[in-house]
Amino acid sequence: MWDEIRKLFPIHEHCTFLNNAGVSPPSTRVLESLEAYHRDHALYGFHKAALGFMDTGTEIKQILAEFLQCSPSCIALTHNTSEGMNIVAQGFPWKRGDCVLGLDLEYPANVYPWWNLEKRGVRHLRLKPTHSAEDITALKSNMDDQVRMVAVSAVDWCSGFALDLANLGEFCRDRDVLLVVDMAQALGVVPLNPEATGIAAMAGSGWKWLMGPVGLGVFYCHPTLMEKLELVYVGTDTVVESHKYLDYRFEPKPDASRFEFSTPNVNDWVYLLAAIRLLREIGLENVRKRILSLNAYLRDGLRNKRLHVRGSVEEQEQSGILS
């Protein structure tokens, strides 16, 4: 099976590509879908090309909902991880003295949105990470009455260590603390179940393990948090019956699509749909097993050459990243 899948990625004709944690290359399925979309646009105008536009968004969310084991109504399509984090950071009803707790050495998308709250009297406390189970213990120990939110990454972007989100989520839920997760390096390779693990919101990018386009992100928001978030950006598509342009009613859509406030990049939606259709066809569990198998092969070879490999030896704490 994997030999046939490999043939779908033309990049292998020129090199051995190992950087899916950065930007993944497109498959021929993506190229064919994009060509068909742009051909219709060129020959018949956008009216025909856009006929399936809403259906494209609907199917994307249905597939992502399968991946995340949640309702499609909890998913919005954004541009990147930072946008999703800012939706939470800028929309949440903070009070002076509140604290956001996290780990140091995070990717900037999970730092600056919280740091930017200091002007509102909100502190961002970052603990020294160990990239081990000790990080969960440290986060729990520092969760005092001022901590309103914990913001961590599902997978550390340097070591590849995968946090035990179920453990952390249960602890946060018991203390009425919101858990917000950067899922950029997890989505598509590490199992995620926000509702079962008590995650209030997650943000990630579509161009890493989902193998989608650069500039398209995924945002998950639990309905309870959704109703607490102020809408910082609003537009035509924020409200219900948005196609009725002159029937002005400031009534936000009841689901996460309220955060998709205006015209999206249709090109990227076509791209992402083709990419995740292929992933669903292969099966995420099969993808994960394949990645871990290849990483184990590489890890053994590196250690035989007396190189130090970061990360955990426990399968449940591993991801697609190997350093």
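The structure under discussion appears in the preceding block.
All of these numbers come straight from a predicted model, not from anything done at the bench. (Residues numbered from 1 in each chain as written. Predicted model: local features only at pLDDT ≥ 70, side-chain atom pairs only at ≥ 80, totals over all residues. Heavy atoms only, no water.)

Caption draft 1: Up close: the environment of Val181. Among the structural elements, Val181 can be located in strand S5 (residues 178-182). Owing to a relative accessible area of 0%, Val181 belongs among the buried residues under this scheme. Residues Val181 and Gly198, 17 residues apart in the sequence, show an inter-C-alpha distance of 11 Å. When sequence neighbours within four positions are dropped, the list of residues in contact with Val181 reads Met85, Val152, Ser153, Ala154, Leu165, Ile199, Ala201, Met202 and Ala203. (Helix = DSSP H or I, 4+ residues; strand = E, 2+ residues; numbered from the N terminus. Buried < 20%, exposed > 50% of the residue type's maximum accessible area, 1.4 Å probe, protein only. Contact = heavy atoms within 4.5 Å.)

Caption draft 2: Fine view of a nonpolar patch on the surface. A surface patch of nonpolar side chains, about 480 Å² in accessible area, is lined by Tyr245, Leu246 and Tyr248. Counting through the fold element by element, Tyr248 comes out in the loop between helix H10 (223-226) and helix H11 (266-282). (Patch = residues over 30% accessible without salt bridge, like charges linked within 9 Å, V, L, I, M, F, W, Y side chains within 5 Å. Areas by Shrake-Rupley, 256 points an atom, 1.4 Å probe, with all protein chains shown as cover. Salt bridge = Lys/Arg side-chain N within 4 Å of Asp/Glu carboxyl O.)

Caption draft 3: Spatial organisation of helix H4 (residues 53-68). When the terminal C-alpha atoms of H4 are compared, their 23 Å separation across 16 residues agrees well with the 22 Å that a helix rising 1.5 Å per residue should span. For H4, the full list of buried residues reads Phe53, Thr56, Gly57, Glu59, Ile60, Lys61, Ile63, Leu64, Ala65, Phe67 and Leu68. In this structure, the buried side of H4 is in contact with strand S1 (75-78), helix H9 (194-197), strand S6 (201-205), strand S7 (217-221), H11 and helix H12 (284-304). The first or second residue beyond H4 is Gln69, which carries a positive phi of 55°. (Expected span 1.5 Å × (residues − 1).)

Caption draft 4: Spotlight on the pattern of salt bridges. If you walk through the whole model with that rule in mind, you get 14 salt bridges. Here Glu281 makes a salt bridge to Arg29, at a shortest N to O gap of 3.0 Å. Taken together, the residues span a long stretch of sequence, with Glu281 in helix H11 and Arg29 in helix H2 (residues 28-44) at a distance of 252 residues. Glu281 sits in the exposed class, given a relative accessible area of 55%. Between Arg249 and Asp247 there is a salt bridge whose closest N-O contact spans 3.7 Å.

Caption draft 5: Region of the structure containing the packing of aromatic side chains. Applying the stated rule across the entire model yields five aromatic pairs. With 4.7 Å between their ring centres and 65° between their planes, Phe92 and Trp94 make a pair best called edge-to-face. For Phe92, a relative accessible area of 3% translates into the label buried. Each ring, one from Tyr112 and one from Trp115, has its centre 5.8 Å from the other, and the planes form 10°; the classification is stacked. Taken together, the residues Tyr112 and Trp115, both in helix H6 (residues 112-115) and three residues apart, mark about one turn of the helix. Using a relative accessible area of 40% as the deciding quantity, one classes Trp115 as partly exposed. The side chain of Arg126 reaches across the aromatic face of Trp115, ending 5.6 Å from its centre. Cation over ring: Arg175 sits above Phe171, and NZ or CZ is 3.4 Å from the ring centre. (Phe/Tyr/Trp six-rings, centres within 6.5 Å; stacked < 30°, edge-to-face > 60°. Lys NZ or Arg CZ within 6 Å of the ring centre and 35° of its normal.)

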